[in-house]
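For reference, the chains in residue letters:
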Amino acid sequence: MRKVGEIVVIFLAFLMVQNVKCELKDSCERGDQKIKRYLLYDVNPGEGFNLRRDVYIRIANLVRKLIKVDNWVLVLPPWGNLYHWQNVQYGLYAPWKNFFDVASLNKWIPVIEFDDYLKAEGSKVGSAYILQHYAEGWTGRWEEKYDKKPCIQKHNFHHRVGLDGSWFGQTWGTEIQVQNFTCLSIQGQASTLLPLIKQDLKSRSILIGRAETILHDEYGGKWYWAARQSMRFANHLQEEATRFRKNQLDSDDVHDKTEVKEDWRDTKIKRGAAVGGPYISVHLRRKDFIRARGDEVPTLKRAAQQIKNLLKKENLTTAFIATDAPTEDFQDLTTLLSGYKVVHYEPHPDFFQLWNDGGIAIVDQIVCSHARYFIGSYESTFSFRIQEEREILGFHENTTFNRLCGKKASCEQPAKWRIVY
Ligand code: GFB
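Residues numbered from 1 in each chain as written. Predicted model: local features only at pLDDT ≥ 70, side-chain atom pairs only at ≥ 80, totals over all residues. Heavy atoms only, no water.

Considering the domain arrangement of the protein chain
Right, on to step 1. Looking at the assigned domains, one finds that the protein chain contains domain 1 (32-213) and domain 2 (233-399).
Right, on to step 2. Taking only C-alpha atoms into account, the centre of domain 1 sits 32 Å from that of domain 2.
Right, on to step 3. Contact residues are listed per partner, giving 19 residues for domain 1 and 24 residues for domain 2.
Right, on to step 4. Note that Asp 263 is salt-bridged to Lys 107, the shortest N-O span being 3.9 Å.
Right, on to step 5. Our enumeration of links across domain 1 and domain 2 arrives at 10 residue pairs in polar contact (both at pLDDT 80 or more).
Right, on to step 6. Residue composition of the side of domain 1 that touches domain 2, by class: 8 nonpolar, 6 polar and 5 charged. (Domains from an automatic or database assignment. Contact = heavy atoms within 4.5 Å. Salt bridge = Lys/Arg side-chain N within 4 Å of Asp/Glu carboxyl O. Polar contact = N/O pair within 3.5 Å; in protein donor to acceptor, adjacent residues only side chain to side chain. Nonpolar A, V, L, I, M, F, W, Y, C, P; charged D, E, K, R; others polar.)

Remarks on helix H13 (residues 381-393)
Right, on to step 1. Over its 13 residues, H13 extends 18 Å from the first C-alpha to the last, a length consistent with the 18 Å expected when each residue adds 1.5 Å.
Right, on to step 2. Counting buried residues in H13 gives 11 out of 13 residues, a clear majority hidden from the surface.
Right, on to step 3. Those residues of H13 that sit buried are Phe 382, Ser 383, Arg 385, Ile 386, Gln 387, Glu 388, Glu 389, Arg 390, Glu 391, Ile 392 and Leu 393.
Right, on to step 4. Where H13 is buried, its residues contact helix H2 (49-66), helix H6 (222-230), strand S10 (277-284), helix H12 (349-369) and strand S13 (371-375).
Right, on to step 5. A positive backbone phi angle near 95 degrees is found at Gly 394, which sits one or two residues after H13. (Helix = DSSP H or I, 4+ residues; strand = E, 2+ residues; numbered from the N terminus. Expected span 1.5 Å × (residues − 1). Buried < 20%, exposed > 50% of the residue type's maximum accessible area, 1.4 Å probe, protein only.)

Some details on the site of the ligand
Right, on to step 1. Near the ligand lie 20 residues; those nearest to it are Asn 50, His 84, Arg 285, Ser 380 and Thr 381.
Right, on to step 2. Compared with its free state, where it exposes 700 Å², the ligand has 86% of that area covered by protein.
Right, on to step 3. Among the secondary structure elements, those contributing two or more residues to the shell around the ligand are H2, strand S11 (318-323), H12 and H13.
Right, on to step 4. Of the residues belonging to the shell around the ligand, the class tally is 8 nonpolar, 8 polar and 4 charged.
Right, on to step 5. Mapped onto the domain boundaries, the shell around the ligand takes at least three residues apiece from domain 1 (32-213) and domain 2 (233-399). (Near = heavy atom within 4 Å. Areas by Shrake-Rupley, 256 points an atom, 1.4 Å probe, with all protein chains shown as cover.)

Laid out in structure tokens, this is it:
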């Protein structure tokens, strides 16, 4: 009996030594399940908030596949001064918890903030792969492929001679040291990267740069929606939107039939069960969209006419307007809609100070999501994310997948991306 006890003790000690050894090593063999491995990713600096949310889903589903083989954790890239966030100071970075419920994200795949990564691992990364398209362009034949190639676009990293071949680069306000640096031409989807990552056994942590280059494994499918549902907004933003809906729009979850379960994994909607608050919501995208999509973006006069028609059709008198338009344009729109109640979200300066442009945009999105009827802007990812939120809440699709027409009186309406479980 004593002998069995001794064997157990020796075996446990052996396991401990193995784990310590693995944790101290720069590289880990496959099967060293104990050790954490980290996937970091970044997106082209020019991309907006809502496209970045889409890239998260692509990468989250890559990590979903990776955790079947190893102990991977996704590192959430901080939010910097994005192109549209004109009030965010250059060089300041916000964590995901400012905008999202990180505990909810963790119910789908293991994630940590970048700051926690730095605390755990320091400012080192094993391998960085900066994604790019093929220099020769589209060859006319679709095949999933990737190849290590000379870099064809600007990146943040530089080689420092004499320092064991490492590369260095500013990433989210921190200088990161990268052991192996590669530019990777790729044509494919998130899981096209699986063999590359699985083969890179030397690196505990891997950074994928320009992650928007890869497509979704299955846009609009079951795994897309699961990751999407896990992206609940942070409580302080939900609470602000709830207060605003109650005070300004006579809207609350009980009357609107938009209550959600505490855990999104317990939620299965009955389509059409949500009623929504007694207002229509409009996402009226302006700024760069007027330049880039002129024919598809309505003038204020045309927008007002479409809003009036909808109010009459829905037998409502209140319109909530979410827009990036300058204040004067919003005032002009209000004048064009005289006779109706026109509501716009204006944050308290303290709230603005804390959560800035990103927080305000999310409050706008939440309020739009809870309306009886929503109409968005052509090809705007801001509008798409609202449509998804309404799918999650259980609205009838006819009240969701609508967009304002530009020059033409009638125009093609958005595709209906219905939720699937
Ligand atoms: O989110 P986003 O990628 O959507 O960029 P799009 C638009 C940004 O503008 C938002 C602000 O993240 C907000 O900061 N914004 C737009 C708004 N509409 C509103 C609004 O109604 N309320 C508030 N508070 N803020 C993308 C571009 O724009 O379109 C990409 O960012 C690319 O660069 C893509 O051009 C096609 O999809 O509308």
